[in-house]
Every structure is written in structure tokens, then in C-alpha cells.
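Okay, here's what each chain looks like letter by letter:
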Amino acid sequence: MDDRRMVKVSKYLSRHLRHDPGRIGIELDEHGWVDVDVLLKALADRRFHVTREELDEVVARNDKQRFAVRDGKIRASQGHTVAVDLDLEPAYPPPVLFHGTTDRFLDAIRDEGLKAMDRHDVHLSPDRGTAVKVGSRRGRPVVLKIDAARMAEEGHTFYESENGVWLTEYVPSWAIGFPDDA
Ligand code: HQG
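What counts as what
Counting of residues starts from 1 at the beginning of each chain's written sequence and follows it residue by residue. Given that this is a predicted model, residues contribute local features only at a pLDDT of at least 70 and side-chain atom pairs are listed and counted only at 80 or more, while totals for whole chains, interfaces and linings are drawn from all residues. The side-chain quantities take in all heavy atoms of the structure and omit both hydrogens and water. We define a salt bridge as a side-chain nitrogen of Lys or Arg found within 4 Å of a carboxyl oxygen belonging to Asp or Glu. Helix and strand definitions here come from DSSP, where helices need a minimum of 4 consecutive H or I residues and strands a minimum of 2 consecutive E residues; each element is numbered from the N-terminal end. Each residue is assigned to one of three classes by its accessible area relative to the maximum for its type, calculated with a 1.4 Å probe on protein chains only: buried under 20%, partly exposed between the two thresholds, exposed over 50%. Pairing between two strands is assigned when DSSP locates at least 2 bridges connecting them. N or O atoms closer than or at 3.5 Å make up a polar contact, with two conditions inside protein: a donor-capable atom paired with an acceptor-capable one, and, for residues adjacent in sequence, both atoms drawn from side chains. Working rule for contacts: check all heavy atoms of both residues, and any pair within 4.5 Å makes them a contact.

Chemist: Can you walk me through the pattern of salt bridges in this structure?
Modeler: Where charged atoms from two side chains of opposite charge approach closely, those side chains can pair. Throughout the structure, instances matching the rule amount to 12 salt bridges. A salt bridge links K73 to D35, with the shortest nitrogen-to-oxygen separation between them at 3.6 Å. On the criterion of sequence distance, the pair formed by K73 in strand β3 (residues 73–76) and D35 in strand β1 (residues 34–35) is long-range, its members being 38 residues apart. On the basis of relative accessible area, K73 is assigned to the partly exposed category, the value being 31%. Taking the relative accessible area as the measure of exposure, D35 reaches 34% and is therefore partly exposed. A salt bridge links R52 to D56; the shortest N-O distance between them is 3.2 Å. With a gap of four residues between them, R52 and D56 both fall in helix α3 (residues 52–61), about one helical turn apart. When salt bridges that share partners are traced, they join D3, E57 and R61 into one network.

Chemist: Whenever I open this one, the pairing of strand β6 (residues 141–147) confuses me. Can you help?
Modeler: Successive residues of a regular strand alternate their side chains across the two faces of the sheet. By the bridge criterion, seven bridges tie strand β4 (residues 96–102) to β6 in an arrangement that is antiparallel. The partner of G100 across the bridge, within β6, is V143. Where β6 lies against strand β9 (residues 176–177), two bridges are found, and the strand directions are antiparallel. For K145, the partnering residue across the bridge sits in β9 and is G177.

Chemist: Before we go on, may I ask you to explain the side chain of T168 in this structure?
Modeler: With respect to the helices and strands, T168 occurs in strand β8 (residues 166–168). Within the local environment of T168, its side chain forms a polar contact with the backbone oxygen of T157, the two atoms lying 2.7 Å apart. Ignoring any residue separated from it by four or fewer positions in sequence, one finds T168 in contact with D121, V122, L124, M151, H156, T157 and F158.

This is a description of form; function is not addressed.
Next comes the structure, spelled out in C-alpha cells:
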């Protein structure tokens, strides 16, 4: 499969497995899973034909490992706006995590901290490079350094998604390091 098709299928899957399953007439179970066969049929019914081999390739080669397949079922590993319980165990985070955002949000973030906005959690990455990419989606990227060690000490709970994204409900502004030029 060429990269363009890969991205197209990945975006289509993300949209329906994270945000809008009803649009293609599928239902996710409480943990976000749907039968692969049901999904492929729903896609075919909407004239978006994806073979099982293509789906497996998207899952395996996806740049961020966005999807997981188990026991004939598939789900998005994180990023949902629909109510699902990913059933993740709390985990001890690395001492420093990063969040990529952009200039125009900084004043609000200084005042309010980082909020989950439409998603279930604030998304944090273990490396600066990923945060730069996440921030670039919205404008000039700004990378915030999160004092995860202190947050954990203060009782904040962290989860690591299957694809290595760190999730937490809220990041207070005392835990956020802003770049000097921000
Ligand atoms: C900002 C992609 C104002 C926050 C990425 C972000 C990620 C605030 C935006 C994943 C704020 C929310 C998630 C506050 C936070 N005031 N703005 N108090 N608190 N924000 O898309 O982290 O490619 O929901 O900085 O790679 O950008 O789709 O979150 O800019 O992992 O797999 O509000 O989505 O993954 O935006 O991205 P989002 P995000 P995929």
C-alpha cells in the first residue's frame, strides 16, 4: 500500500474509532473495541473498501501505532472523544514529559493549566520531538515541559496508552515549564 492510501485509511479509522462510530453505523463496546469484520463491512457499505490485509498493514505500519487488534477486534489506542474506558492501569510516569501546543493557547494555559478539552485526557509525550510534531498541527509549535514526577507525588494519576502516549486528566500550571521566549 502506498503512503497516501495508508494515511487515508488511518484518518478514516481514527475518525470513526475515536469520534464518530455512528456515522458509519458501528458501535464500540465499553472499552472501545469493534469486530474487525463488522468494521470492514461498514466501510464497504459506505463504498470505502478496505481488505483485511490492508487493515492489518495499517495497524502494523502506522507511524504512531494508533490502533490495536486483539481477538478479532480493533480499537484506537487513545485520542477518543466518545465515552470509552480504555481500561489502562495507572503507571508511574517518566520524571519529565512534554506537551506540544501553539502560541495562541499559552495565556489560557498559564491561567488554567492544561485541560483535556474535547478528549478524555491531556496527551503528553516522553520525547520533545513528538511534542514538536503535535504542536505543529496548530501553528508555530511551542513545547511545554511537564514536571510529571512532582505531579505524581502530589497524587495525579498517569496512564500510558498502548502506543506510548502518556495520559492524565489535568496538568496544573505549577507543573508546566514554559520556554523562555514564550
Ligand atoms: C490546548 C494527535 C487553551 C492543547 C496528537 C491542544 C496527540 C488549551 C488543544 C493527540 C488548554 C487540544 C492529542 C487551555 C490545553 N486553554 N488551550 N487551558 N489546555 N489546550 O487535539 O494534545 O495524530 O485535543 O495544548 O499527536 O494537540 O490524532 O490535543 O493544543 O497525541 O493520533 O488545546 O492527537 O494524535 O487539542 O493532540 P487536542 P493535542 P493523532
